[in-house]
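Architecture and fold: a report
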Amino acid sequence: MPSFSAHPIFAPAPKQKEVAYVIAGRLIRQYQRFCQDRGIDFSLNLSVRPFDSTTLFCSAGMQQYKPLFADIAFKDTFANIQSCLRLGDLDEIGDGTHFLRFNMLGLFSFRQMTLAEAISFWLDFLDGIGAWPDHVTIHPDKLDDWGPLYSGRLPIVPDPECIWSDGNVSGYCTEFYRDGVEIGNIVNPLGTCIDAGFGLDRLDMLVNRTPAPNPQAILIDAIQSIIASGYSPGNKEQGYILRKLLRRLALSDGFLDHPFFHDELVRQERLRQHYAKLKPKHPDKPAEWWFDTHGIDIGDMEGRV
C-alpha cells in the first residue's frame, strides 16, 4: 500500500473537552497507530458539532470532507475517529446496536487509494484486533468486479441495498458483518473515492466484550457529549434537542448530576403543576394546543399529575 501525505487544510482537530464516558482507549490507539504506520494523516475529534448546516450534529465522519468528493483535482487520504450523534436512533437505543452517540473510525481517500487497497486495509486492521467478519455484502451489479478483491478470504452475500448517496454524490458500497450486525462499510463514491466507516463502539463490544449500555446510560452519554460540545438547553435547534434528551432522562427516572438536569427537573415540575391547574378548564383541547400554547407535552404529563 502506498504512503499518503497529510494535507494542511485538514490538520488534527483541536483537543476537545473530554466528555464523561469511557472511550475504548486501546482501540483508538490501535487505529491511530495502524494509520500512522501507513503514512496516513490521523485526527481525533470528540465534539459532535456539525461541519456544515445540513445536520444539527455531526452524523458521520465524512461530513467534513464532503466538498472534496466533487473536486476532481484533489488527491489525498485521511483517517479519523469522529464522535457522531444520530437522532434517528433515539427510539432504537437499548437494543445492543444503536448508541445515539457513537465514535466512527473513518478512512477517506480522494482519487488516491484503490478499493482493493481499502479492503486490504480494513481486513488487516480487523484481523489485528480480533474482529474478523463473518461475511461481507456486495451489490449484485458489482459482484464480478469486487468479489475477487476479497481473494476468497470471506463469504460474500449479494445485497441490492449496497448503494450510498448523500443526495449529490453516490456510489456502490460493501458492508462487513459479524454476528448478524453490520460493523462497518466501504463506499466507493464516484467510483474514484473511498469513504469507509466502522463503529468503534460495536467493535469494542465485539473485541473487549464490553456490555451494551442501557437506555439511561446512552441518554446520559449523548447529553454529556452535547454539553461538552458547547451547547445549552433552549427552544431551538441543538438546544431544543438537548432539552428533549434531558426531559426523556427525567421521565425515565434517570439522574445526571449537572445543573442543566436539575433545571429540567424544576421545569418539568412547574409544567406538571401548570397542567394540573389548567386541565379542568380545557378538557377537550388537543395535544397540539397544549404544546403550542403552553409548551406542555401531553404524553409527558399523563399519569404523572
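First things first, this report covers the structure right here in the doc.

The rules we used
Residues numbered from 1 in each chain as written. Predicted model: local features only at pLDDT ≥ 70, side-chain atom pairs only at ≥ 80, totals over all residues. Heavy atoms only, no water. Helix = DSSP H or I, 4+ residues; strand = E, 2+ residues; numbered from the N terminus. Buried < 20%, exposed > 50% of the residue type's maximum accessible area, 1.4 Å probe, protein only. Contact = heavy atoms within 4.5 Å. Areas by Shrake-Rupley, 256 points an atom, 1.4 Å probe, with all protein chains shown as cover. Core = buried A, V, L, I, M, F, W, Y, C linked by side-chain atoms within 4.5 Å. Disulfide = S-S within 2.5 Å. Expected span 1.5 Å × (residues − 1). Phe/Tyr/Trp six-rings, centres within 6.5 Å; stacked < 30°, edge-to-face > 60°. Lys NZ or Arg CZ within 6 Å of the ring centre and 35° of its normal.

Details of the overall build of the protein chain
Across its full length, the protein chain holds 10 helices and 9 strands. Every one of the 305 residues in the protein chain was classed for burial, and the buried ones make up 48%. Relative to all contacts within the protein chain whose residues are 6 or more apart in sequence, the contacts with residues 24 or more apart total 62%. Of the roughly 14,700 Å² that the protein chain leaves accessible, carbon and sulfur atoms contribute 50%.

Focus on the nonpolar core
One finds Y31 and W122 to be the most contacted residues of the largest nonpolar core, which totals 36 residues. Put simply, the parts of the chain that give this core at least two residues each are α1 (25–36), β2 (76–85), β3 (101–110), α3 (115–129), β4 (135–138), β8 (181–189), β9 (193–199) and α5 (200–208). For this core, the leading source of residues is α3, giving 9 residues. Apart from residues no more than four positions distant in its own chain, W122 is found in contact with Y31, L105, L107, I186, A196 and F198. Listed in part, the 22 residues of the second largest apolar core include L90, A222, L249 and F261.

Observations concerning the state of the cysteines
What is meant by a disulfide is a covalent connection between two cysteines, made through their sulfur atoms. By the definition in use, this model includes 0 disulfides. Here C162 is not cross-linked by a disulfide; its sulfur's nearest cysteine counterpart is in C173, at 4.4 Å.

As for the side chain of R267
Counting through the fold element by element, R267 comes out in helix α8 (residues 259–278). Residue classification places R267 among the buried positions, given a relative accessible area of 16%. Setting aside anything within four residues of it in sequence, one finds R267 in contact with R243 and R247.

Some remarks on the environment of E264
Tracing the backbone through its elements, the reader meets E264 in helix α8. For E264, a relative accessible area of 3% corresponds to the buried category. With 18 residues separating them along the chain, E264 and L246 place their C-alpha atoms 6.7 Å apart. Excluding anything up to four places from it in sequence, E264 contacts R243, L246 and R247.

With respect to helix α7 (residues 237–251)
A rise of 1.5 Å per residue sets the reference length of α7, with its 15 residues, at 21 Å; its end C-alpha atoms lie 21 Å apart and thus fit the reference within 8%. Its buried side turned inward, α7 meets α6 (215–228), α8 and α10 (298–301). Looking at the residues trailing α7, positive phi occurs at D253, about 65 degrees.

Re the packing of aromatic side chains
With the rule as written, the count across this model stands at 21 aromatic pairs. Ring plane angle 90 degrees and centroid distance 5.9 Å describe the contact between F57 and Y231, whose orientation is recorded as edge-to-face. Taken as a pair, F57 in the loop between β1 (41–45) and α2 (66–69) and Y231 in the loop between α6 and α7 lie far apart in primary sequence, 174 residues in all. Here F57 matches Y231 in class, with each residue buried. Positioned over the ring face of Y231 is R49, at 4.3 Å from the centre of the ring.

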